[in-house]
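Now for the letters of each chain:
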Amino acid sequence: MTDLSLTIRAETASDALAIERLHERTFGPGRYAKTAYRIREGQGHTLELSFTAHVGTLLIGSVRLTPVRIGEVKALLLGPLTVQPPFRDRGIGQVLIERALAEAKAKGHRLVVLVGDEPYYGKCGFKRVPRGRATMPGPVDPARLLVCELGEGAFEGVSGPIRPEWEGA
Ligand SMILES: CC(C)(COP(=O)(O)OP(=O)(O)OC[C@H]1O[C@@H](n2cnc3c(N)ncnc32)[C@H](O)[C@@H]1OP(=O)(O)O)[C@@H](O)C(=O)NCCC(=O)NCCS
């Protein structure tokens, strides 16, 4: 029997093409119209905080983190998260999120936001952002704007527009 063991590692520049193909297959051309894309298209994600899942030499999953600010406070935007269809429902998505959050926390980050389904991301500690407290630069269902505190009380007193980190530099 072939040993198809899973490895999770930090994204590298050479993963770009395989991840782009994965995004194209998963989200199609509509991905460019998403509000979160407007934030990500600027300076882009941080490779050391973004992770890929591999089975052998095959890239089968990816999660990316992009530096943002909520008001004046630094945070990270999580996404896209994608797992190749044949490898779904095996916990790989959760493992990718947990690894990215652990690495972000280890590097001193305190807040992660995303646009996604609360029933899924709630398992990793994400909660709904109270309505109006943080806003994305475009239309987003407020029920899908979620935040994860990597330190106790990290979201207390934080509010404002979510924008790329470099814009506020
Ligand atoms: C979402 C996604 C990354 C999950 O990856 P995965 O490796 O299959 O996830 P896991 O194995 O960690 O978790 C699977 C569980 O989450 C559930 N789940 C998957 N997507 C869900 C969603 N959108 N809402 C609620 N639950 C969801 C599955 O039903 C499964 O439940 P079970 O454990 O009770 O069987 C994957 O389905 C995917 O790539 N989807 C298309 C892209 C996408 O929607 N990305 C998220 C938005 S950026």
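Heads up: the structure comes first, above all this text.
Residues numbered from 1 in each chain as written. Predicted model: local features only at pLDDT ≥ 70, side-chain atom pairs only at ≥ 80, totals over all residues. Heavy atoms only, no water.

## Details of the pattern of salt bridges
Line of reasoning, step 1. Tallying each qualifying case throughout the model produces nine salt bridges.
Line of reasoning, step 2. Put simply, Arg31 and Glu24 hold a salt bridge, and the shortest N to O gap is 2.7 Å.
Line of reasoning, step 3. Glu165 serves as the salt-bridge partner of Arg69, at 3.1 Å between the closest nitrogen and oxygen. Of this pair, Arg69 sits in strand β3 (residues 58-70) while Glu165 sits in the segment after β9 (160-164), and the two are 96 residues apart along the sequence.
Line of reasoning, step 4. One salt-bridge network, in which partners are shared between bridges, spans Glu20, Glu24 and Arg31. (Salt bridge = Lys/Arg side-chain N within 4 Å of Asp/Glu carboxyl O. Helix = DSSP H or I, 4+ residues; strand = E, 2+ residues; numbered from the N terminus.)

## Topic: the pairing of β9
For a regular strand, side chains alternate in direction, first toward one face of the sheet and then toward the other.
Line of reasoning, step 1. Within β9, four of the five residues are buried, which leaves the element mostly enclosed by the surrounding structure.
Line of reasoning, step 2. Where β3 and β9 come together, three bridges link them in antiparallel fashion. From the neighbouring strand, Ile70 faces β9, where its bridge partner is Ile162.
Line of reasoning, step 3. By the bridge criterion, two bridges tie strand β7 (residues 134-135) to β9 in an arrangement that is parallel. Looking at the pairing, Ala134 lines up with Gly160 of β9. (Buried < 20%, exposed > 50% of the residue type's maximum accessible area, 1.4 Å probe, protein only. Pairing = 2+ DSSP bridges.)

## Concerning the packing of aromatic side chains
Line of reasoning, step 1. Following the criterion strictly, the structure yields three aromatic pairs and no others.
Line of reasoning, step 2. Where Tyr32 meets Tyr37, the ring centres are 5.1 Å apart and the plane angle is 80°; that geometry is what we call edge-to-face.
Line of reasoning, step 3. Given the relative accessible area of 42%, Tyr32 is considered partly exposed.
Line of reasoning, step 4. A residue is classified by how much of its surface remains accessible, and Tyr37, at 25% relative accessible area, is partly exposed.
Line of reasoning, step 5. Centre to centre, the rings of Tyr121 and Phe126 are 5.9 Å apart; their planes meet at 75°, and the pair counts as edge-to-face. No difference in accessibility class separates Tyr121 from Phe126, as the two residues are buried.
Line of reasoning, step 6. These aromatic residues form a ring-pair network of at least three members: Tyr120, Tyr121 and Phe126. (Phe/Tyr/Trp six-rings, centres within 6.5 Å; stacked < 30°, edge-to-face > 60°.)

## Quick look at the site of the ligand
Line of reasoning, step 1. Around the ligand, a shell composed of 17 residues is seen, among which Leu81, Asp89, Gly91, Gly93 and Asp117 lie nearest.
Line of reasoning, step 2. Contact distances for the ligand include 2.9 Å between a nitrogen atom and a backbone N or O atom of Leu81.
Line of reasoning, step 3. Here an oxygen atom of the ligand and a backbone polar atom of Arg90 are 3.2 Å apart.
Line of reasoning, step 4. Protein coverage of the free-state accessible area of the ligand, which is 910 Å², stands at 63%.
Line of reasoning, step 5. Secondary structure elements with two or more residues in the shell around the ligand: α1 (16-27), β4 (73-83), α3 (92-106) and α4 (118-121).
Line of reasoning, step 6. Class assignment of the residues belonging to the shell around the ligand gives a composition of seven nonpolar, five polar and five charged. (Near = heavy atom within 4 Å. Polar contact = N/O pair within 3.5 Å; in protein donor to acceptor, adjacent residues only side chain to side chain. Areas by Shrake-Rupley, 256 points an atom, 1.4 Å probe, with all protein chains shown as cover. Nonpolar A, V, L, I, M, F, W, Y, C, P; charged D, E, K, R; others polar.)

## Some words on α1
For the α-helix, the turn length of 3.6 residues means that residues three or four positions removed from each other point alike.
Line of reasoning, step 1. In this model α1 runs 16 Å from its N-terminal to its C-terminal C-alpha over twelve residues, within 8% of the 16 Å that 1.5 Å per residue would give.
Line of reasoning, step 2. Tucked inside the fold, the buried residues of α1 contact β2 (51-55), β3 and β4. (Expected span 1.5 Å × (residues − 1). Contact = heavy atoms within 4.5 Å.)

## Notes on unusual backbone geometry
Line of reasoning, step 1. Residues Gly79 and Pro80 are joined by a peptide bond in cis, for which omega reads -5°.
Line of reasoning, step 2. Even without being a glycine, Asp89 presents a positive backbone phi close to 65°.
Line of reasoning, step 3. Structurally, the position occupied by Asp89 is in the loop between β4 and α3.

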